[in-house]
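Structure at a glance
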Amino acid sequence: MAKIKTSFACQSCGSVYPKWQGKCNACGEWNTIVEELIEKEDKQTIDWRDKDKQSNAKPKKLKDIEVGETYRIDSGDSELNRVLGGGITPGSIVLMGGEPGIGKSTLLLQVAIQLKNWKVLYISGEESEKQIQQRALRVGNKNEECYILTETATHKIFHYIKELKPDIVIVDSIQTVHSRSIEATPGSVSQIRECTGEFQRFAKETNTPVFLVGHITKDGQIAGPKILEHIVDTVLQFEGDRNHVYRILRTIKNRFGSTAELGLYEMQGHGLRIVDNPSEILITQKDENLGGVAIAATMEGMRPMLIEVQALVSTAFYGTPQRSATGFDTRRLNMLLAVLEKRVGLNIGTKDVFLNIAGGLRVEDPAIDLAIVASLMSSYNDNAIDMKYAFAGEVGLSGEVRAVNRVEQRIQEAEKLGFEKIFVSKYNFGKGKSSPKNLKIQLVLVSKVYELMKLLSL
Ligand code: TYD
Ligand code: MG
């Protein structure tokens, strides 16, 4: 009789315990610990390695290691290249996370199709060949060398990989594949960890890039183990509001580039379209000035982006006033409201406040604060702000407008888009830093929120 070994793993963070308990000590979640079958005694290992490619690593002096030519594979998608730090790195393992239905499969299938002259193997454990073909026809099939495999057992997958020798492997998704060296069910922590480990060894030893799709739980974690993030080289997150068409591809971790990069897409009837000029779509084109609307000159990653902020401040009729924000942290909104109450003297505590960032995007850049307070003051006073004005500044607790990074880039972008004035912090151009000359846009320096209200005559 084969001896069965089990362990108790937290499905949220991946910590392993010798026996069951109600609460995970590591992540503090309740009821997430599940017994998993780890291995049978007659463990079968997978040998997908080619003998000649087997690594025989020995300790070497750092200075003796040859870098060789560090080349990148052009994925044919400028946004994906950008977030990966300039293209796909050979031998890298990339995890793409995102909520169901956000467009992960579409994006990776599009990449597989666009990669002309590269042999791509797209492994799907979620959809049938027909479904994939339908989608491929929808987004426009171009790559002759794109192979589809609907298989979930890793030993079979590696068998085909050995036969086909693809240049790039895409696994959709890591939660559906399973390894026979472990008995746990697909999608469980130990299976995900084992399968990722197998793909990682394959990627490193054959220098083949591997993309893994990972589902995300409600609270935004890549389902199952956080541990995955340590195994892989790059973690990308595909996010956006499913009811909106815009999607952001963010880098959470990247061993080959900056994590400040980000890609923007628009979901259309025939796949994802790259958005080259984000500012134009994030601002509603209209002629009249509207109350409660202000334009923020933000930076998303390394990219300047002008985004419309809309606020509605109205009298609360029922008990506690409501505070609700879409695309912005509600706690930060509460802080800005407190600043307006205390430092500017607005009687905002008894009002309902709603805030909306256009395009369904989530903005984390603190420089959006100034546009938010401007839109709040505008809605509170029922007085519109000129749509040719842009704002960039962080607001502090004492109502001061603080300096923001890359202010020149924000000013340039606003100028390029034909804005007439941009309000920025006075402290951006303090000692030794003179403000840029020869600007078509008028630079307005503010140091306090109160001053801003006066300048805007709200
Ligand atoms: P999908 O790639 O299946 O999402 P994921 O793999 O992240 O679960 O994307 C699914 C959504 O995208 C689906 O609701 C339909 C929509 N979609 C389009 O709007 N246009 C298209 O061309 C395609 C292929 C999908
Ligand atoms: Mg999918």
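For the structure itself, consult the block above.
This write-up is about the structure you can find in this document. (Residues numbered from 1 in each chain as written. Chains lettered and ligands numbered in written order. Predicted model: local features only at pLDDT ≥ 70, side-chain atom pairs only at ≥ 80, totals over all residues. Heavy atoms only, no water.)

**Quick word on the side chain of Ser173**
- By the secondary structure assignment, Ser173 is in the loop between strand E7 (168-172) and helix H5 (189-206).
- In this structure, Ser173 is in contact with Gly125, Glu126, Val213 and His215, ignoring residues within four places of it in sequence. (Helix = DSSP H or I, 4+ residues; strand = E, 2+ residues; numbered from the N terminus. Contact = heavy atoms within 4.5 Å.)

**Here we look at the packing of helix H2 (residues 104-114) against helix H3 (residues 129-139)**
- Interaxial distance between H2 and H3 falls to 10 Å at its minimum, and their mutual angle equals 70°. Put simply, H2 runs roughly perpendicular to H3. Seen along the crossing, H2 lies across H3 with a hand that is right-handed. Contact residues: Ser105, Thr106, Leu109, Gln110 and Ile113 in H2; Ile132, Arg135, Ala136 and Val139 in H3.
- In terms of residue class, the contact of H2 with H3 is built from 5 nonpolar, 3 polar and 1 charged. (Axes fitted to C-alpha atoms, helices over the stretch in contact; angles between N-to-C directions. Parallel < 35°, antiparallel > 145°, perpendicular 65-115°, else oblique. Left-handed = near helix turned anticlockwise from the far one by under 90°. Nonpolar A, V, L, I, M, F, W, Y, C, P; charged D, E, K, R; others polar.)

**Describing the packing of helix H4 (residues 154-164) against H5**
- One way to put it is that H4 packs onto H5 with a least axis distance of 11 Å and a crossing angle of 15°. Considering the angle they form, H4 stands roughly parallel to H5. H4 and H5 meet at a crossing whose hand is right-handed. Listed contacts from H5 to Thr154, Ile157, Phe158 and Ile161 of H4 are Cys195, Glu198, Phe199 and Phe202.

**Remarks on the pattern of salt bridges**
- One pass over the structure, following the stated rule, counts 14 salt bridges.
- Measuring nitrogen to oxygen at the nearest pair gives 2.3 Å for the salt bridge that ties Glu127 to Arg135.
- Note on Glu127: relative accessible area 16%, which makes it buried.
- Where Arg255 meets Asp233, a salt bridge forms, and the shortest distance between an N and an O atom there is 2.7 Å. One end of the pair, Arg255, is in the loop between strand E10 (246-254) and strand E11 (262-268); the other, Asp233, is in the loop between helix H6 (228-231) and strand E9 (234-239), with 22 residues separating them in the sequence.
- Overall, the relative accessible area of 2% leaves Asp233 in the buried class.
- Taken together, the shared-partner salt bridges connect Glu79, Arg82 and Arg303 into one network. (Salt bridge = Lys/Arg side-chain N within 4 Å of Asp/Glu carboxyl O. Buried < 20%, exposed > 50% of the residue type's maximum accessible area, 1.4 Å probe, protein only.)

**A short note on the sheet that holds strand E13 (residues 293-300)**
- Here 7 strands make up an open sheet; going across it, the order is E15-E16-E14-E13-E17-E20-E21 and the pairing mixed. Every interior strand has two partners, whereas the edge strands, strand E15 (323-326) and strand E21 (442-446), have only one. Sheet twist, expressed as the mean angle between neighbouring strand axes with direction ignored, is 25°.
- Across 2 bridges, E13 lies against strand E17 (residues 389-392) in parallel orientation. Across the sheet, residue Ile295 finds its bridge partner in E17, namely Ala390.
- Sitting on the sheet, helix H8 (residues 330-344) touches E15 and strand E16 (351-357), and the angle it makes with E15 is about 125°. (Pairing = 2+ DSSP bridges.)

**Overview of the site of ligand 1**
- Of all residues adjacent to ligand 1, which total 15 residues, the nearest are Gly101, Ser105, Thr106, Gln268 and Gly271.
- One of the backbone N or O atoms of Gln268 is found 2.6 Å from a nitrogen atom in ligand 1.
- Taken by itself ligand 1 offers 560 Å² of open surface, and the protein chains cover 75% of this.
- Secondary-structure elements contributing two or more residues to the shell around ligand 1 are H2, H3 and E11.
- If you tally residues by element for the shell around ligand 1, the top one is H2, at 3 residues.
- In terms of residue class, the shell around ligand 1 is built from 3 nonpolar, 8 polar and 4 charged. (Near = heavy atom within 4 Å. Polar contact = N/O pair within 3.5 Å; in protein donor to acceptor, adjacent residues only side chain to side chain. Areas by Shrake-Rupley, 256 points an atom, 1.4 Å probe, with all protein chains shown as cover.)

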